[in-house]
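Breakdown of the fold
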Amino acid sequence: MLVASSVLAVVMGITVIFIRMKAAKKPTSANKIMLPPLFMSTGALMFVIPEFRVTSMELLEAVAVGMLFSILLIKTSNFEVRDEDIYLKRSKAFPIILISLLIVRIIGKVMLSSTIDVGQLSGMFFILAFAMIVPWRIAMYRQYRSLRATLNQERLD
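Residues numbered from 1 in each chain as written. Predicted model: local features only at pLDDT ≥ 70, side-chain atom pairs only at ≥ 80, totals over all residues. Heavy atoms only, no water.

1. So, the overall build of the protein chain
Note the threshold: Secondary structure elements follow DSSP: runs of H or I no shorter than four residues count as helices, runs of E no shorter than two count as strands, and numbering proceeds from the N terminus. Summary of the burial criterion: residues with accessible area below 20% of their type's maximum are buried, those above 50% are exposed, and those between are partly exposed, where the area comes from a 1.4 Å probe applied to protein chains only. Surface exposure here means Shrake-Rupley accessible area, sampled with a 1.4 Å probe, where a residue is shielded only by the protein chains that are shown. Charge convention: Lys and Arg are scored as positive, Asp and Glu as negative, and His as well as the terminal groups of each chain are ignored. Here the site of a charge means atom NZ of a Lys, CZ of an Arg, CG of an Asp or CD of a Glu.
Broken down by element type, the protein chain carries five helices and two strands. Each helix and strand of the protein chain, ordered N terminal to C terminal, gives the series α-α-α-β-β-α-α. Expressed along its principal axes, the backbone C-alpha trace of the protein chain runs to roughly 60 × 25 × 20 Å. Counting all 157 residues of the protein chain, 32% fall into the buried class. Here the protein chain displays about 9,800 Å² of accessible surface, and carbon together with sulfur accounts for 70% of that area. Computed over 18 positive and 10 negative side-chain charges, the separation of the two mean positions in the protein chain equals 5 Å.

Written as structure tokens, this is what we have:
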């Protein structure tokens, strides 16, 4: 179970890198920025099952680590204006940071799996990922909105 979930995490990470590279070729929108956390939120249904529930301390730890990791993603996500449209700027650091986060996740999972139940650990890693993605996407949305307002103001002038 531990190996399968780690392999799945690596596959998902590689997929995100390719999606990000492809996204840089098309203009972005508010929906493209804000919908992924909304879609991911459906995963919270896992907590209906008692095996996935976490303690208050585990919740706080996962949120704190997720928010710390989000800083790296926020720093590597920038936009640029091309042809009156807003594009996600390619970052050479993004794939390196994402791979590093995956490695940290796998090491953490291996180390913690001996002391925390696999279900609870899965719940913690979901919370960590969600706590990482939400601040990142909010920061991206704010940056996008600011750029959009600047573009709209320039069109009016």
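Read on for the rest.
2. Some remarks on the layout of surface pockets
Counted only if it meets this: A pocket here means an open set of points on a 1 Å grid, computed over the protein atoms alone, that has protein on both sides within 12 Å along at least five of seven lines. A cavity is instead a set of points where a 1.4 Å probe fits but cannot get out; residues with an atom within 4 Å of a point line either one. Grid points are joined across faces, edges and corners, and a volume is the space filled by probe spheres set on the points. Residues are sorted three ways: Asp, Glu, Lys and Arg are charged, Ala, Val, Leu, Ile, Met, Phe, Trp, Tyr, Cys and Pro are nonpolar, and all the rest, Gly among them, are polar.
One number sums up the size of the largest pocket: a volume of about 1,300 Å³. Taken together, the elements giving at least two residues each to the lining of the largest pocket come down to helix H1 (2-23), helix H2 (30-41), helix H3 (56-75), helix H4 (93-112) and helix H5 (118-156). Broken down by class, the residue content of the lining of the largest pocket amounts to 25 nonpolar, four polar and seven charged. Taken as a whole, the second largest pocket spans an internal volume of roughly 210 Å³. Of all the secondary-structure elements, those providing two or more residues to the lining of the second largest pocket are H3, H4 and H5. Take the lining of the second largest pocket: its biggest share by element is five residues, from H4. By residue class, the composition of the lining of the second largest pocket is nine nonpolar, one polar and two charged.

3. What about the packing of aromatic side chains?
Put simply, the rule is: Two rings belonging to Phe, Tyr or Trp (six-membered ring only in the last case) form a pair when the distance between their centres is within 6.5 Å. Interplanar angles under 30 degrees mark stacking, angles over 60 mark edge-to-face geometry, and anything in between is tilted. For a ring to carry a charge above it, either NZ of a lysine or CZ of an arginine must fall within 6 Å of the ring centroid while also lying within 35 degrees of the normal to the ring plane.
One pass over the full model with this rule turns up three aromatic pairs. With a centroid separation of 6.2 Å and 65° between ring planes, the pair formed by Phe79 and Tyr144 is classed as edge-to-face. With Phe79 in strand E1 (residues 78-82) and Tyr144 in helix H5, the pair connects residues that are 65 residues apart, well separated along the chain. In this structure, Arg82 packs its charged tip against the face of Tyr87, placed 3.9 Å from the ring centre. Cation over ring: Arg105 sits above Phe125, and NZ or CZ is 5.0 Å from the ring centre.

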